[in-house]
Amino acid sequence: MNALESYNKILHLMKEHHTWFDKSIPLIASENIPSTAVREAIISDFGNRYAEGWPGERVYAGCKYIDQVEIICNDLAKVVFGAEFADCRATSGVVANLAIYAAFSKPGDYMLASSIPSGGHISHGKKEHSGTAGLVHGLSIEHYPFSKEEMTIDVDATKKKIEEMCKDNKAPSIGMFGGSLFLFPHPVKELADFMHDHNMYINYDGAHVAGLIAGGQFQDPLKEGADSMTMSSHKTLWGPQGGIIVSLQKYAESIKKAVFPGITSSHHLHHVAGKAIALAESLEFGKDYAIQVIKNAKAIAGDLANLGFDVLGERKGYTASHQLAVDVSKFGDGGTIERDLEKANIILNRQLLPGDIKAGRHYMHPSGIRIGVPEITRLGMKEGEMEEIANFIKRVVIDKQDPILIANDVTEFRKQFQKIHYAFDNAVDAYEYIDVIHHRKAS
Ligand code: DSN
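Note that the coordinates shown come from a computational prediction; the quantities given were computed from them, not determined experimentally.

Residue-level account of the environment of Lys275, with values.
Turning to its location among the elements, Lys275 is positioned in helix α11 (residues 269-306). Residues Lys275 and Ala77, spaced 198 residues apart in sequence, show a C-alpha to C-alpha distance of 9.0 Å. Here the side chain of Lys275 touches Gly243 through a polar contact of 2.8 Å, landing on its backbone oxygen.

Give me the lowdown on the sheet that holds strand β12 (residues 323-327), citing residues and values where you can.
One open sheet holds the four strands; their spatial order is β11-β12-β15-β14, and the pairing between them is antiparallel. For this open sheet the edge positions go to β11 (310-311) and β14 (349-351), each flanked by a neighbour on one side alone. Contacts between helix α12 (residues 334-343) and the sheet are confined to β14 and β15 (368-372), with β14 contributing the most and set at about 165 degrees to the helix.

Give me the lowdown on the sheet that holds strand β9 (residues 228-232), citing residues and values where you can.
Strand order in the open sheet formed by seven strands is β2-β10-β9-β8-β7-β3-β4, with mixed pairing between adjacent strands. The open sheet has two free edges, formed respectively by β2 (85-87) and β4 (140-143), since each of these has just one partner strand. Pairwise comparison of adjacent strand axes, ignoring direction, gives a mean angle of 20 degrees for this sheet. Contacting β2, β8 (201-205) and β10 (243-247), helix α10 (residues 252-263) runs over the sheet at an angle of about 0 degrees to β2.

Give me the nonpolar core: which residues, what numbers.
Phe81, Tyr204, Val246, Leu304, Ile389 and Ile393 are the most contacted members of the largest nonpolar core, which has 91 residues in total. Ranked by residues supplied to this core, first place goes to α11 with 14 residues. Non-local contacts of Val246, meaning those with residues more than four positions away in its chain, are made with Ala77, Phe81, Ala83, Phe85, Ala86, Leu222, Ser228, Met229 and Met231. Trp54, Ile100, Tyr201 and Ala252 belong to the second largest nonpolar core, which has 15 residues in total.

Quick rundown of the packing of α11 against helix α14 (residues 383-397)? Include the residues and the values.
Put simply, α11 and α14 touch, their axes get as near as 8 Å, and they point 40 degrees apart. The angle between the axes of α11 and α14 places the two elements in the oblique class. You can see that α11 and α14 cross each other, and the crossing is right-handed. Contacts between α11 and α14 involve Gln292, Lys295, Asn296, Ala299, Ile300, Asp303 and Leu304 on the former and, on the latter, Glu383, Met386, Glu387, Ile389, Ala390 and Ile393.

Could you give me a rundown of the site of the ligand, with the residues and numbers involved?
Every residue close to the ligand is listed here: Ser30, His121, Ser180, His208, Lys235 and Arg370. For the ligand, an oxygen atom lies 2.7 Å from a polar atom in the side chain of Ser180. Arg370 places a side-chain nitrogen or oxygen 2.6 Å from an oxygen atom of the ligand. Surface burial for the ligand is 65%, taken as the share of its 240 Å² of free accessible area covered by protein chains. Looking at the shell around the ligand, its residues break down into no nonpolar, four polar and two charged.

Tell me about the pattern of salt bridges, and please be specific about residues and values.
If you walk through the whole model with that rule in mind, you get 21 salt bridges. A salt bridge links Asp22 to Arg414, with the shortest nitrogen-to-oxygen separation between them at 4.0 Å. Note that Asp22 is positioned in helix α1 (residues 3-22) and Arg414 in helix α15 (residues 403-414), a separation of 392 residues in sequence. The exposure class of Asp22 is partly exposed, given its relative accessible area of 27%. On the accessibility criterion, Arg414 (0% relative accessible area) is buried. In this structure, Asp310 engages Lys330 in a salt bridge whose closest nitrogen and oxygen atoms are separated by 3.5 Å. Pair noted here: Asp310 is in strand β11 and Lys330 is in the loop between β12 and α12, with a separation of 20 residues, a long-range link.

A description of the packing of helix α4 (residues 93-104) against α10 should follow, citing residues and the corresponding values.
At their nearest, the axes of α4 and α10 sit 9 Å apart, and the two run at 115 degrees to each other. Considering the angle they form, α4 stands roughly perpendicular to α10. Seen along the crossing, α4 lies across α10 with a hand that is right-handed. Where α4 approaches α10, its residues Val95, Leu98, Ala99, Ile100, Ala102, Ala103 and Phe104 are matched on the opposing element by Ser254, Ile255, Ala258, Val259 and Ile263.

Can you lay out the packing of aromatic side chains for me, pointing to particular residues and giving the numbers?
Applying the stated criterion across every chain, the model contains 17 aromatic pairs. Ring geometry for Phe309 against Phe331: centres 5.5 Å apart, planes inclined by 65 degrees, an arrangement best described as edge-to-face. Linking Phe309 in the loop between α11 and β11 with Phe331 in the loop between β12 and α12, this pair joins segments that are 22 residues apart in sequence. Aromatic rings pair up to connect Trp20, Phe21 and Tyr431 into one cluster. One residue, Arg378, lies across the ring of Trp238, its end atom 3.9 Å from the ring centre.

Give a detailed account of the pairing of strand β3 (residues 110-113), specifying residues and quantitative values.
Examined bridge by bridge, β3 and β4 share four bridges and lie parallel to one another. Directly across from Ala113, in β4, lies its bridge partner His143. Strand direction decides the pairing type here: β3 and strand β7 (residues 172-178), joined by three bridges, are parallel. Residue Leu112 lies in a different strand from β7, and its bridge partner there is Gly175.

Here is what the cut-offs are and how they apply
Residues numbered from 1 in each chain as written. Predicted model: local features only at pLDDT ≥ 70, side-chain atom pairs only at ≥ 80, totals over all residues. Heavy atoms only, no water. Helix = DSSP H or I, 4+ residues; strand = E, 2+ residues; numbered from the N terminus. Polar contact = N/O pair within 3.5 Å; in protein donor to acceptor, adjacent residues only side chain to side chain. Pairing = 2+ DSSP bridges. Contact = heavy atoms within 4.5 Å. Axes fitted to C-alpha atoms, helices over the stretch in contact; angles between N-to-C directions. Core = buried A, V, L, I, M, F, W, Y, C linked by side-chain atoms within 4.5 Å. Buried < 20%, exposed > 50% of the residue type's maximum accessible area, 1.4 Å probe, protein only. Parallel < 35°, antiparallel > 145°, perpendicular 65-115°, else oblique. Left-handed = near helix turned anticlockwise from the far one by under 90°. Near = heavy atom within 4 Å. Areas by Shrake-Rupley, 256 points an atom, 1.4 Å probe, with all protein chains shown as cover. Nonpolar A, V, L, I, M, F, W, Y, C, P; charged D, E, K, R; others polar. Salt bridge = Lys/Arg side-chain N within 4 Å of Asp/Glu carboxyl O. Phe/Tyr/Trp six-rings, centres within 6.5 Å; stacked < 30°, edge-to-face > 60°. Lys NZ or Arg CZ within 6 Å of the ring centre and 35° of its normal.

Structure follows, in structure tokens:
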């Protein structure tokens, strides 16, 4: 392919992607669809500028408007998360976590975190798994004892483990809560005093649940005793891809230095503008959205269980968040089922579940799938639509119907859900391709 062919092919593929998502059911728990205003921020000139440092103390000129937006962004984050300090410069959730490791631990220290099958994120992971904490910052990782029945961290067993680690000269420096498979609140308030008494710094990785916390519908980690919360700006919080850190004021200077110059140079100013818009939307619409997200997650979990699926966390109502986990091992493996559903335009991801590694399962072919409802809720779907989606999933996974036929039904179903809800503006349809090249200024 020559240069022009490649150029045209890229533009064509991006448009094809939009067309596909326009007729699909997006159920990836870590994704969302941003508003028209956030998309405008992403293509603004902010994205072509540098503003290293803190507003008012920049290394570059040209920042007088950028500074104002960043100050608004930090102020909104403080209000939305009830925090004394906010830094919206981390360019991702992983970068936000890395800043916390750099600020509050040194290589060789121990950190307690959840294992991947128990919901931990790769950025909390061990060196031997190429996890960020181990590989990049040299932390030694120990895993929380996890209760599969409760689908959360076991409090008593964790206290015992911390005491044992202290006795063995492995006293942990950091306790990391939160993660990627995150159905129920973690026991922050139950463990915070104990951890602080053992000189541990507590970070809560709210990447997945930030929008629910913003809407006041999940636990409030800072009030429960966490020292800081890191998050993504693009999961249940509906901004552009990026990271945010909020904390107690006493940690502000350490965090600021770790973010810059520690681990960022450019902090993606178009995304800072997008984060600010998303936080403003969250302040206005976040509560209603978070309530509906949780209703939808509970509804689709119950619908799937009624149709014969093994949905985890049954004893506790399946989920208290935006996501649910389904053990699909009766019907195949998570990897194959993920692919079959994708052919039916139902987009979700396979999931390692607690016990999978011990059972010899691999992340390519785990026993589970994870379903998230942040994006379909933003498209305006409610409990009635959850029942229809559960039925589409059943037709693929249990009835083994031809996914192509189901894709046609999914396309028809999606026609009613074209707009973004819970936003100040929705002039552009959710997946409408914005053709900047052929844009002409209105005369
Ligand atoms: N690993 C992603 C997820 O939870 O889907 C987030 O980084």
